[in-house]
Amino acid sequence: MKKLLCLLLALIVLTSLTACGEKPAPVPSSDPAPGKTTEDEANVDKPFEGETLVVGVWGGTIEKVLRESVVEPMEEELGCSIELVLGGSSDRVVKLYTEKDNPSMDVYGLNIRESADAIINGVAAPVNPELSNFDQLYDFAQVGGYGQSIMAYGICYNNELVTEPITSWKDLWRPELKGKIAFSNFPGSEGAAIIYVTAEAWGLDLENDPDAVFAKLAELGPFPFFYTNLDELFLEIEQGNVHAAAIFNSYSNDYIAQGFPCTFVYPSDPGAILAKDTWVIAKNSKHMALAEEFVNRCIGVEAQTAYAEEIFFSPCNKNVKVSDEVAEKLVYGDDVSSLVTMEWDVITENEEEFTEKWNRMVVMAK
Amino acid sequence: MFRAKYNKMDAMLIPLALLFFIFFVIPFIMLLYNSFLTYTGKVEPGLPITVQNYIKFFKDSYYPAVIGRTFYISIVTTLMVTVLAYPLAYFMAGIKGYLKTIMLVLVTLPLISGVMVQNMGMYGMMTNYGTINLFLMALHIIEEPVQLLGNNIAVIIGLTQGFLPFMILPVMNALQAIPENVLQASESLGANKVRQFLHITLPMSFGGCIAGAVLVFGASLSSYTTPTILGRGKCQVIGTVVYQQAMQLFNWPFASSIAMLLLLLILLIVPITKILSRRRREGGVL
C-alpha cells in the first residue's frame, strides 16, 4: 500500500511539474486536399482556399492587433485559415532549429538578433525583395528578416520619486538610485543591450575586459529583481521598490497611457538602442507563397498603422502616417536615425561566458 | 504478495513497459549521449565526443555553488515539511468519517490546483503590496513593506507549502498501519503516552517519514517553477541553470550533463535512506 501511494504521489509530482509546460506543438498543416486543382479553377479569387498557415507570435495586445489587421482580412479574402501559436520568441527559436526539415510553423515572429541568426544558420529563408511592400521598409528593416516594428531601448522611471530627470544612461549610476534599478535577465536581447550600453557609456572594452563591464553593472546592485513580466515591473515602479528600469519604449508607453506615474526617456551616452520585432519564414515551409503574402501584409501600411495607433509599436514602413499625438509615443520620422545600432557580435560570440559573469557578478550583486 | 514465478497476468505490464521505454528510456539514453557532445553554438550539438561538459561544471566555482544552494534549499524544505506535516498526519490518522474526508480533500487540494496557481498565489501574498505586508502594516508591526521575495527563504516557504501533501499522506498511512493491540500491550505494561509515542509510534512511522522525505527532497532538488517565480530571477538553482543553458543558450550538451549530475545526486540519496531504514529495522534508536 505504501509503495502504491508513493508511486501515485510520484505521478502527481510529474504531472504537476509538467502541467506548467508549454502547450503541445500544433499539428503541421496538411497538404492541399487531392482534387484541389479543379477547385482552384473554380475559385480563382481565393487561391489559398483550404490552406492553413501557422504563425508563431507574441500574445497579449500584439495578438489582438495582428488578428484584426492581418489575420481576419486574409482569411476572408483568400479563404485560407491562419493559426496563431502564442508565446515568447525563445521557444520559437528552439522549434525553428530542431524542426528545420519539417517545420510545424511557417512564419516566426522573432527579435532582431534571433531572426538574423536564423537566416545566417540556414533555418529561415532569406528575405525576398520581390514582395510588393518590401521597398517601403527602412533599410535596417530589410536585413535579417522583415522588420515589423521598431523598438527603442531606453529608460522608464517613476517621475514622482525621481525628482531630477534622467537624461543619460550614466544617470542610472547616481547614488540615490542604487538598489532601485531593474533589468531583464541575460541571456536575452534586453539583457544584452544593457551590457552593451554599460560598456559604451563608460568607455569600457567589452571584448577584451568584460569583467570591468560587469563590475560596473554590479555597482547598481543589489537589484530588487529581474523582470520577466511588465505588469509586475510597473507595479513595482508605482510602489517605489523600483525607481528606474531599462525597457523598450513601445511597452512603457502602453503602461504610461494606463496612468502609471512614469516617464520614458531616450537616454544619451550612447543613445537609445535600436531593436525590432521581425518576421522570418521557415526555410522549408510548405506554404511559402501564403507565408510571403502574410508577411507582405504585415509590413504593409495598413497593418503597420494599426500597430502604431493601437499599441504604440513604431512602424518599420516609411509610408505610415500617424497623428502628432500618436507620433509623440513612437520612434517616428527623424527619430529613427537617432537610434544606436548595437554591435551584437561580441555578445553573441561570448554569450556563454557572459552568462556566467552575469549570473555571478550581476545577479548576485550586493 | 510476492511470487517467484511469472504468470500470464504479467503480460499486462507490457503497455506500461512500452510507454516507459519510448518516453523515458530512449530519451534518457539520448540525454546521456548529448551530455558528451560538443557545443557548436547552434541548437544542434555536434561531435566529437568529449567529457569537457563535466569538467566545465567542476572547474567553475559558480556551478558547485548552485548545487550547494539547491541542496541547502532542499534540505531545509524537507526538514520544515517533516516538522509541520507530522503533527497533522498524526491528527488525521486518529480521526474518522466526514472530518477525515474533509481533511484529506484540504490536504490534497494544493496538488490538484497545480504548481503555477500555488506559486502565483504565494507571490501575490508575499509581494511588497501583498497580503502579508499590508496585514503587518495595518497592525503597525512594520512601517515600511518588507522585501519577502527574491531570496532563498521565499523559495523555501513556497516549496514547503507545495510539497506538504507528499509528506502528510505517507506518514498518515504509516501511522494508520500501527496495530492497535501493540499500543494496548504497551499500555498494559505501564508505558505512559510519551513513552508510547517515543518507543512505538515514532519508530513505527519512521518508514513513512523516509518515503515522504525522499519525495519532498527529490522534488525540491529538481524544482524550477517555485525558484523562478518566488526567487524573481535572483535565486539560481539547478533547475533554473539547466533551463538557462538549454533554452536560452542552446547549450544542450552542458544542460544534459548538469541534468545527469542532478540525477546522480538523487540516486545517491536512495542508499542513504536504505541505510537509515535498515538501522531502524535492526532496532536502532532514533
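The structure displayed is predicted, hence computed values, not measured ones.

## Digging into the overall build of chain A
Line of reasoning, step 1. When you go through chain A residue by residue, the secondary structure sums to 15 helices and 10 strands.
Line of reasoning, step 2. Every one of the 366 residues in chain A was classed for burial, and the buried ones make up 56%.
Line of reasoning, step 3. Intrachain contacts of chain A at a sequence separation of at least 6 include 74% that bridge at least 24 residues.
Line of reasoning, step 4. If you sum the accessible surface of chain A, you get close to 15600 Å²; carbon and sulfur atoms cover 52% of it.

## Let's talk about the interface of chain A and chain B
Line of reasoning, step 1. Across the contact, 38 residues belong to chain A and 39 residues belong to chain B.
Line of reasoning, step 2. The junction of chain A with chain B conceals about 3600 Å² of combined surface from both sides, 61% of it contributed by carbon and sulfur atoms.
Line of reasoning, step 3. The residue A:E236 makes a salt bridge to B:R232 at a minimum N-O spacing of 2.6 Å.
Line of reasoning, step 4. Taken together, chain A and chain B are joined by 13 residue pairs in polar contact (both at pLDDT 80 or more).
Line of reasoning, step 5. Put simply, the parts of the chain that give the side of chain A that touches chain B at least two residues each are α1 (2-19), α4 (89-98), α8 (230-239) and α15 (351-363) of chain A.
Line of reasoning, step 6. Sorting elements by how many residues they give to the side of chain A that touches chain B places α1(A) first, with eight residues.
Line of reasoning, step 7. For the side of chain A that touches chain B, the class distribution of residues is 20 nonpolar, nine polar and nine charged.

## Some remarks on the pattern of salt bridges
Residue and element names in this part refer to chain A.
Line of reasoning, step 1. Tallied over the full model, the rule gives 16 salt bridges over all chains.
Line of reasoning, step 2. Its salt-bridge partner being R113, residue D345 comes within 3.7 Å of it at the nearest N-O pair. Taken together, the residues span a long stretch of sequence, with D345 in helix α14 (residues 345-349) and R113 in helix α5 (residues 112-120) at a distance of 232 residues.
Line of reasoning, step 3. Of the residues examined, D345 reaches a relative accessible area of 44% and is grouped as partly exposed.
Line of reasoning, step 4. What you see here is one network of salt bridges that share partners, running through E164, D171, R174 and E176.

## Focus: the layout of surface pockets
Residue and element names in this part refer to chain B.
Line of reasoning, step 1. For the second largest pocket, the calculated volume is near 470 Å³.
Line of reasoning, step 2. The wall of the second largest pocket is formed by 22 residues, among which T78, L79, I210, A213 and L276 lie closest to the centre.
Line of reasoning, step 3. When contributions to the lining of the second largest pocket are tallied by element, the ones reaching two or more residues are α3 (62-93), α10 (206-221) and α13 (252-281).
Line of reasoning, step 4. Looking at which element gives the most residues to the lining of the second largest pocket, the answer is α3, with seven residues.
Line of reasoning, step 5. Tallied by class, residues from the lining of the second largest pocket come to 19 nonpolar, three polar and no charged.

## Thoughts on the packing of aromatic side chains
Line of reasoning, step 1. Summed over the entire model, instances satisfying the criterion amount to 29 aromatic pairs over all chains.
Line of reasoning, step 2. Ring geometry for A:F134 versus A:Y146: centroids 6.2 Å apart, planes at 85°, classification edge-to-face. Of the two residues, A:F134 sits in the loop between α5 and β4 (146-158) while A:Y146 sits in strand β4, which places them 12 residues apart along the sequence.
Line of reasoning, step 3. Judged by centre distance (5.5 Å) and plane angle (50°), the rings of A:F223 and A:F226 are tilted. Taken individually, A:F223 and A:F226 each receive the classification buried, so the pair is uniform in this respect.
Line of reasoning, step 4. An aromatic cluster is present here, built from A:F183, A:F186, A:F223, A:F226 and A:W358 joined pairwise through their rings.
Line of reasoning, step 5. Over the ring of A:W202 we find A:K216; its NZ or CZ atom is 4.0 Å from the centre of that ring.
Line of reasoning, step 6. Directly above the ring of A:F225 sits B:R232, whose terminal nitrogen or CZ lies 4.0 Å from the centroid.

## Notes on the side chain of B:Q196
Residue and element names in this part refer to chain B.
Line of reasoning, step 1. Here Q196 shows up in helix α9 (residues 193-204).
Line of reasoning, step 2. For Q196, a relative accessible area of 8% corresponds to the buried category.
Line of reasoning, step 3. Other than its neighbours up to four places away in sequence, Q196 contacts L183, S186, E187, A191 and T201.

## So, the pairing of strand β1 (residues 52-57) of chain A
In regular strands, side chains alternate between the two faces of the sheet.
All names here are of chain A.
Line of reasoning, step 1. Within β1, five of the six residues are buried, which leaves it mostly tucked inside the rest of the structure.
Line of reasoning, step 2. In the sheet, β1 pairs with strand β2 (residues 81-86) via six bridges, with the strands oriented parallel. Each bridged residue has a counterpart across the sheet, and for V55 the counterpart in β2 is L84.
Line of reasoning, step 3. In terms of handedness, the path from β1 via helix α3 (residues 61-78) over to β2 forms a crossover that is right-handed.
Line of reasoning, step 4. The sheet contact formed by β1 and strand β3 (residues 107-111) spans two bridges and is parallel. Bridge pairing in β3 places G56 opposite Y108.

## Overview of the environment of A:E302
All names here are of chain A.
Line of reasoning, step 1. Relative to the assigned elements, E302 resides in helix α11 (residues 301-311).
Line of reasoning, step 2. By relative accessible area, which is 67% here, E302 ends up exposed.
Line of reasoning, step 3. As for E302 and A118, which are separated by 184 residues in sequence, their C-alpha atoms are 27 Å apart.

## Describing the nonpolar core
Line of reasoning, step 1. Core analysis: the biggest nonpolar cluster contains 89 residues, and A:L66, A:F183, A:W279, A:F294 and A:W358 have the highest contact counts within it.
Line of reasoning, step 2. With eight residues, the single largest contributor to this core is helix α6 (residues 189-201) of chain A.
Line of reasoning, step 3. Three or more residues apiece are contributed to this core by two domains, here domain 1 (51-149 + 275-333) and domain 2 (152-274 + 341-363) of chain A.
Line of reasoning, step 4. In this structure, B:V107, B:M172, B:I200 and B:V237 belong to the second largest nonpolar core, which totals 30 residues.

## With respect to the environment of A:M74
Residues and elements named next belong to chain A.
Line of reasoning, step 1. Structurally, M74 can be placed in helix α3.
Line of reasoning, step 2. Separated by 216 residues in sequence, M74 and L290 place their C-alpha atoms 9.9 Å apart.
Line of reasoning, step 3. Here M74 is in contact with G79, C80, I82, L290, E293, F294 and R297, once residues within four sequence places are set aside.

## Observations concerning a negative patch on the surface
Line of reasoning, step 1. Together, A:D205, A:E207, A:D209 and A:E349 make up a negatively charged patch on the protein surface.
Line of reasoning, step 2. By secondary structure assignment, the location of A:E349 is in helix α14.

## Regarding α4(A)
Line of reasoning, step 1. The element α4(A) is extensively covered by neighbouring structure, given that seven of its 10 residues are classed as buried.
Line of reasoning, step 2. Burial in α4(A) covers these residues: A:S89, A:R92, A:V93, A:V94, A:K95, A:L96 and A:Y97.

## Description of the domain arrangement of chain A
Residue and element names in this part refer to chain A.
Line of reasoning, step 1. According to the domain assignment, chain A contains domain 1 (51-149 + 275-333) and domain 2 (152-274 + 341-363).
Line of reasoning, step 2. With 14 residues of domain 1 at the contact, the number on the domain 2 side is 15 residues.
Line of reasoning, step 3. Carbon and sulfur atoms supply 60% of the area buried between domain 1 and domain 2, which totals about 1200 Å² over both sides.
Line of reasoning, step 4. A per-residue breakdown of the area domain 1 buries against domain 2 is headed by R113, A275 and F312, which together make up 42% of the total.
Line of reasoning, step 5. At the junction of domain 1 and domain 2, the tally comes to one salt bridge.
Line of reasoning, step 6. In this assembly, domain 1 and domain 2 are joined by two residue pairs in polar contact (both at pLDDT 80 or more).
Line of reasoning, step 7. Broken down by element, the side of domain 1 that touches domain 2 gets its largest block of residues, three residues, from α5.

Basis of the calculations
Per-chain numbering applies: the sequence of each chain, read as written, is numbered from 1 onward. By the order in which they are written, chains take letters starting at A while ligands take numbers starting at 1. For a predicted model such as this one, the threshold for reporting local features is a pLDDT of at least 70, and the threshold for listing and counting side-chain atom pairs is 80 or more; totals across whole chains, interfaces and linings nevertheless cover every residue. Hydrogens and water molecules were not included; the side-chain quantities draw on all heavy atoms of the structure. By the criteria applied, helices consist of DSSP H or I runs no shorter than four residues and strands consist of E runs no shorter than two, each listed in order from the N terminus. For the exposure calls, accessible area comes from a 1.4 Å probe over protein chains only, and a residue counts as buried if that area is under 20% of its type's maximum, exposed if over 50%, partly exposed in between. Throughout, a residue-residue contact means that at least one pair of heavy atoms, one from each residue, lies within 4.5 Å. Here the accessible surface of atoms and residues is derived via Shrake-Rupley with a 1.4 Å probe, and residues count as covered only by protein chains that are part of the display. In this description, buried area is defined as the sum, over both parts, of the accessible area (probe of 1.4 Å) that is lost when the two are combined. In the sections that follow, a salt bridge refers to a side-chain nitrogen of Lys or Arg positioned within 4 Å of a carboxyl oxygen of Asp or Glu. Residues adjacent in sequence count toward polar contacts only when both atoms are side-chain atoms; beyond that, a polar contact is any pair of N or O atoms within 3.5 Å, and within protein one must be able to donate a hydrogen and the other to accept it. For this classification, the nonpolar set comprises Ala, Val, Leu, Ile, Met, Phe, Trp, Tyr, Cys and Pro, the charged set comprises Asp, Glu, Lys and Arg, and every other residue, Gly included, is treated as polar. With a 1 Å grid laid over protein atoms only, a set of points is called a cavity when a 1.4 Å probe fits there but cannot get out and a pocket when it is open yet has protein on both sides within 12 Å along at least five of seven lines; lining residues have an atom within 4 Å of a point. Grid points are joined across faces, edges and corners, and a volume is the space filled by probe spheres set on the points. Aromatic rings from Phe, Tyr and Trp, with only the six-membered ring used for Trp, were paired whenever their centres fell within 6.5 Å, and each pair was classed as stacked if the ring planes differed by under 30 degrees, edge-to-face if by over 60, and tilted otherwise. Should the NZ of a Lys or the CZ of an Arg lie within 6 Å of a ring centre and within 35 degrees of the ring normal, that charge is described as sitting over the ring. The criterion for strand pairing is that DSSP finds at least two bridges linking the strands in question. By convention a crossover is right-handed if, when the strands point away from the viewer, the path from the first strand over the helix to the second runs clockwise. Among buried residues, the Ala, Val, Leu, Ile, Met, Phe, Trp, Tyr and Cys ones that are joined through side-chain atoms within 4.5 Å form a nonpolar core. Note that the domain bounds reflect an automated or database-derived domain assignment. The residues that make up patches have over 30% relative accessible area and no salt bridge, and they are joined within 9 Å when like-charged or within 5 Å when they are Val, Leu, Ile, Met, Phe, Trp or Tyr. In summary, the charge assignment counts Lys and Arg as positive and Asp and Glu as negative, without counting His or the chain termini. For this purpose, a charge sits on NZ of Lys, CZ of Arg, CG of Asp or CD of Glu.

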